[in-house]
Amino acid sequence: LPNIMNSLIRTAARCLRSGATVCQPRLADGRLWPTSARLLCATADLQGGLGEMVKKDKVVVFMKGTPAQPMCGFSNAVVQILRMHGVDDYAAYNVLDNQDLRQGVKAFSNWPTIPQVYFNGEFVGGCDILLQMHQNGDLVEELKKLGIRSALLDAEKESK
């Protein structure tokens, strides 16, 4: 793997110096389409940046809008689920502010939709998966692994 990476880096550097156009496969039909080498490097930079972003905080959410003002129902549902568990301290990135971020995070996770939730740098899923984890109790356990005690545990004690 290191040899492949070094080869890719050398090739990218040559392409950038020459201002060349490179061909990149498109997933839909497998055909090759010309793409600017600079665009590919910008994409690689974004992917590296995303790798850092998802590891910076225990819980990271890429969403439409902000936790205070979600701009879609699915993003709102993720915020509400986290809030029910008492998770208020998390990084939230508004993909509506940056089209490159919006597309980049989809490529990074290989997941086509927003919102996207990460725990300790690991992709968890979107709204549907977080909702399922909430309903079946897995979310309480996953938060515990992060050192976060779910507020629902305290609510259960109070109701007994």
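Each remark here, short or long, concerns the structure printed above.
Everything numeric in this text was worked out from a predicted model, so none of it was measured. (Residues numbered from 1 in each chain as written. Predicted model: local features only at pLDDT ≥ 70, side-chain atom pairs only at ≥ 80, totals over all residues. Heavy atoms only, no water.)

Undergrad: Got a sec to walk through the side chain of Ser109? Specific residues and values, please.
TA: Examined against the element boundaries, Ser109 turns out to sit in helix H4 (residues 99-109). Within polar-contact distance, the side chain of Ser109 engages the backbone oxygen of Lys106 at 3.5 Å. A polar side-chain atom of Ser109 sits 3.2 Å from the main-chain amide nitrogen of Trp111. Setting aside chain neighbours within four positions, we find Ser109 in contact with Gln116, Tyr118 and Phe123. (Helix = DSSP H or I, 4+ residues; strand = E, 2+ residues; numbered from the N terminus. Polar contact = N/O pair within 3.5 Å; in protein donor to acceptor, adjacent residues only side chain to side chain. Contact = heavy atoms within 4.5 Å.)

Undergrad: Account for the side chain of His85, naming residues and giving values.
TA: Within the element layout of this structure, His85 appears in the loop between helix H3 (73-84) and strand S4 (91-94). Given the relative accessible area of 1%, His85 is considered buried. Polar side-chain contacts of His85 include one of 2.8 Å to the side chain of His134. Residues contacting His85, with those up to four places away along its chain left out, are His134, Leu139, Val140, Leu143, Arg149, Ser150, Ala151 and Leu152. (Buried < 20%, exposed > 50% of the residue type's maximum accessible area, 1.4 Å probe, protein only.)

Undergrad: Account for the packing of aromatic side chains, naming residues and giving values.
TA: Considering all chains together, one arrives at five aromatic pairs under this definition. Consider the rings of Phe108 and Tyr118, whose centres lie 6.2 Å apart with planes at 45°: the pair is tilted. In this pair, Phe108 sits in helix H4 while Tyr118 sits in strand S5 (residues 116-119), placing the two residues ten residues apart along the sequence. Taking the centre distance of 5.3 Å and the plane angle of 55° together, the rings of Tyr118 and Phe123 count as tilted. A network of ring pairs unites the aromatic residues Phe62, Tyr93, Phe108, Trp111, Tyr118 and Phe123 as a single cluster. (Phe/Tyr/Trp six-rings, centres within 6.5 Å; stacked < 30°, edge-to-face > 60°.)

Undergrad: Explain the sheet that holds strand S6 (residues 122-125) to me, using residue names and the numbers behind them.
TA: One open sheet holds the four strands; their spatial order is S4-S3-S5-S6, and the pairing between them is mixed. Looking at which strands have only one partner, the edges of the open sheet turn out to be S4 and S6. Strand-to-strand twist in this sheet, taken as the mean axis angle between neighbours without regard to direction, amounts to 25°. Two elements, strand S3 (residues 59-63) and S5, share four bridges in a ladder whose sense is antiparallel. Across the sheet, Phe62 pairs through a bridge with Gln116, a residue of S5. Strands in contact with H4 are S3, S4, S5 and S6; relative to S5, the strand with the most contacts, it is inclined by about 55°. (Pairing = 2+ DSSP bridges. Axes fitted to C-alpha atoms, helices over the stretch in contact; angles between N-to-C directions.)

Undergrad: Explain the nonpolar core to me, using residue names and the numbers behind them.
TA: Val59, Val61, Leu82, Phe119 and Leu130 are the most contacted members of the largest nonpolar core, which totals 19 residues. When residues of this core are assigned to their parent elements, the largest contribution, four residues, is made by H3. Setting aside anything within four residues of it in sequence, one finds Val61 in contact with Val78, Leu82, Tyr90, Ala91, Ala92, Tyr93, Pro115, Gln116 and Val117. The next biggest cluster of nonpolar side chains, apart from the first, holds twelve residues, and it includes Val60, Leu101, Ile114 and Tyr118. (Core = buried A, V, L, I, M, F, W, Y, C linked by side-chain atoms within 4.5 Å.)

Undergrad: Break down unusual backbone geometry for me, citing the residues and quoting the values.
TA: Most peptide bonds adopt trans geometry, and most residues besides glycine take a negative phi value. With an omega of 10°, the peptide bond between Ile114 and Pro115 qualifies as cis. As for its placement among the helices and strands, Pro115 is situated in the loop between H4 and S5. Not every positive phi belongs to a glycine, and Asn110 is a case in point at roughly 60°. Looking at the secondary structure, you find Asn110 in the loop between H4 and S5. You will see that Asn120, though not glycine, has its phi angle at about 50°, which is positive.

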